Amino acid sequence: SQTIHQWPATLVQPVGSPLSLECTVEGTSNPNLYWYRQAAGRGLQLLFYSVGIGQISSEVPQNLSASRPQDRQFILSSKKLLLSDSGFYLCAWGTGKTEQYFGPGTRLTVT
Amino acid sequence: GENVEQHPSTLSVQEGDSAVIKCTYSDSASNYFPWYKQELGKGPQLIIDIRSNVGEKKDQRIAVTLNKTAKHFSLHITETQPEDSAVYFCALWSGYALNFGKGTSLLVTP
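Reading the values: the criteria
- Residues numbered from 1 in each chain as written.
- Chains lettered and ligands numbered in written order.
- Predicted model: local features only at pLDDT ≥ 70, side-chain atom pairs only at ≥ 80, totals over all residues.
- Heavy atoms only, no water.
- Helix = DSSP H or I, 4+ residues; strand = E, 2+ residues; numbered from the N terminus.
- Buried < 20%, exposed > 50% of the residue type's maximum accessible area, 1.4 Å probe, protein only.
- Contact = heavy atoms within 4.5 Å.
- Salt bridge = Lys/Arg side-chain N within 4 Å of Asp/Glu carboxyl O.
- Pairing = 2+ DSSP bridges.
- Axes fitted to C-alpha atoms, helices over the stretch in contact; angles between N-to-C directions.
- Core = buried A, V, L, I, M, F, W, Y, C linked by side-chain atoms within 4.5 Å.
- Polar contact = N/O pair within 3.5 Å; in protein donor to acceptor, adjacent residues only side chain to side chain.

(A) Structural context of the side chain of Arg37(A). Residues and elements named next belong to chain A. Mapped onto the elements, Arg-37 comes out in strand β4 (residues 32–38). A relative accessible area of 13% means that Arg-37 is categorised as buried. Here Arg-37 is in contact with Gly-43, Leu-44, Gln-45, Leu-47, Gln-62, Leu-64, Ser-84, Asp-85, Ser-86, Phe-88 and Tyr-89, once residues within four sequence places are set aside.

See below:
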């Protein structure tokens, strides 16, 4: 069966510091991968998606970037965090325009 | 992307009652309609979905109905229990990713 992992689970970082969040998927090949952010409240905002290694599409211009160095690894990064980057970051995977499965999330607090 | 409107934003029911959440959309080409449940501090979990070739799908106490003509789909939870308390999201495909409704916070009181 497929599983998706995210780490760390929680992170507290000062403004201006770098960020690296990691997501890995097991049990499937060539998944589509996604990064979402969920700010206070409930909405899910799509940040990036990837349909293959090295292929990244950005949905919202911002202080973040994403990379996909391996087939089942997706990384979210920032060189300098802003207060507004605080939120709940969710990675998800899917194999087409049907089911999409989410990881457990990373709670990021920028102080 | 494809807009999906979700109502209500909050819903409070007594244990044992039914709960209904509705989503409306505009793109008639949409053909996959999932519902997610998100508990506090966790990632959203896919609980049920429906494809456009059927009008209703049931899984124990939850069901989803689809009206393609009217462009809306609904989540029905019967015999609600306190553990059903969570935020529920509907979603639609828009381009290469799911576009989510704003969520419904469901509270089931004992």
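Resuming the write-up.
(B) Focus on the pattern of salt bridges. Taken as a whole and judged by the stated rule, the model has 7 salt bridges over all chains. Put simply, Asp71(A) and Arg68(A) hold a salt bridge, and the shortest N to O gap is 3.3 Å. Among the ionic contacts, a cluster of salt bridges with common partners joins Lys37(B), Glu39(B) and Lys42(B).

(C) Here's a closer look at the sheet that holds strand β1 (residues 3–7) of chain A. All names here are of chain A. With antiparallel pairing, 4 strands are arranged side by side in an open sheet as β1-β3-β8-β7. Across the chains shown, the open sheet's two edge strands, defined by having one partner strand only, are β1 and β7 (65–70). Sheet twist, expressed as the average angle between the axes of neighbouring strands with direction ignored, equals 20°. Two elements, β7 and strand β8 (residues 73–78), share 4 bridges in a ladder whose sense is antiparallel. Among the inter-strand pairings, Gln-70 is bridged to a residue of β8, identified as Gln-73.

(D) View of the nonpolar core. Among the nonpolar cores identified, the biggest contains 24 residues, and Trp35(B), Phe73(B), Leu75(B), Tyr88(B) and Leu106(B) are the most heavily contacted of them. Broken down by secondary-structure element, the contributors of at least two residues to this core are β2 (10–14), β3 (19–25), β4 (32–38), β5 (45–51), β7 (62–67), β8 (72–77), β9 (86–94) and β11 (104–109) of chain B. Setting aside residues no more than four positions away along its own chain, Leu106(B) makes contact with Leu11(B), Val13(B), Ala19(B), Ile77(B), Asp84(B), Ser85(B), Ala86(B) and Tyr88(B). Grouped together as the second largest cluster of nonpolar side chains are 20 residues, Ile4(A), Leu11(A), Val25(A) and Leu47(A) included.

(E) Spatial organisation of the side chain of Gln13(A). All names here are of chain A. For Gln-13, the location among the structural elements is in strand β2 (residues 10–13). Among the residues examined, Gln-13 registers a relative accessible area of 18% and is labelled buried. A polar atom in the side chain of Gln-13 sits 3.4 Å from the side chain of Ser-17. In this view, Gln-13 contacts Pro-18, Leu-81, Leu-108, Thr-109, Val-110 and Thr-111; residues no more than four positions away in its chain are not counted.

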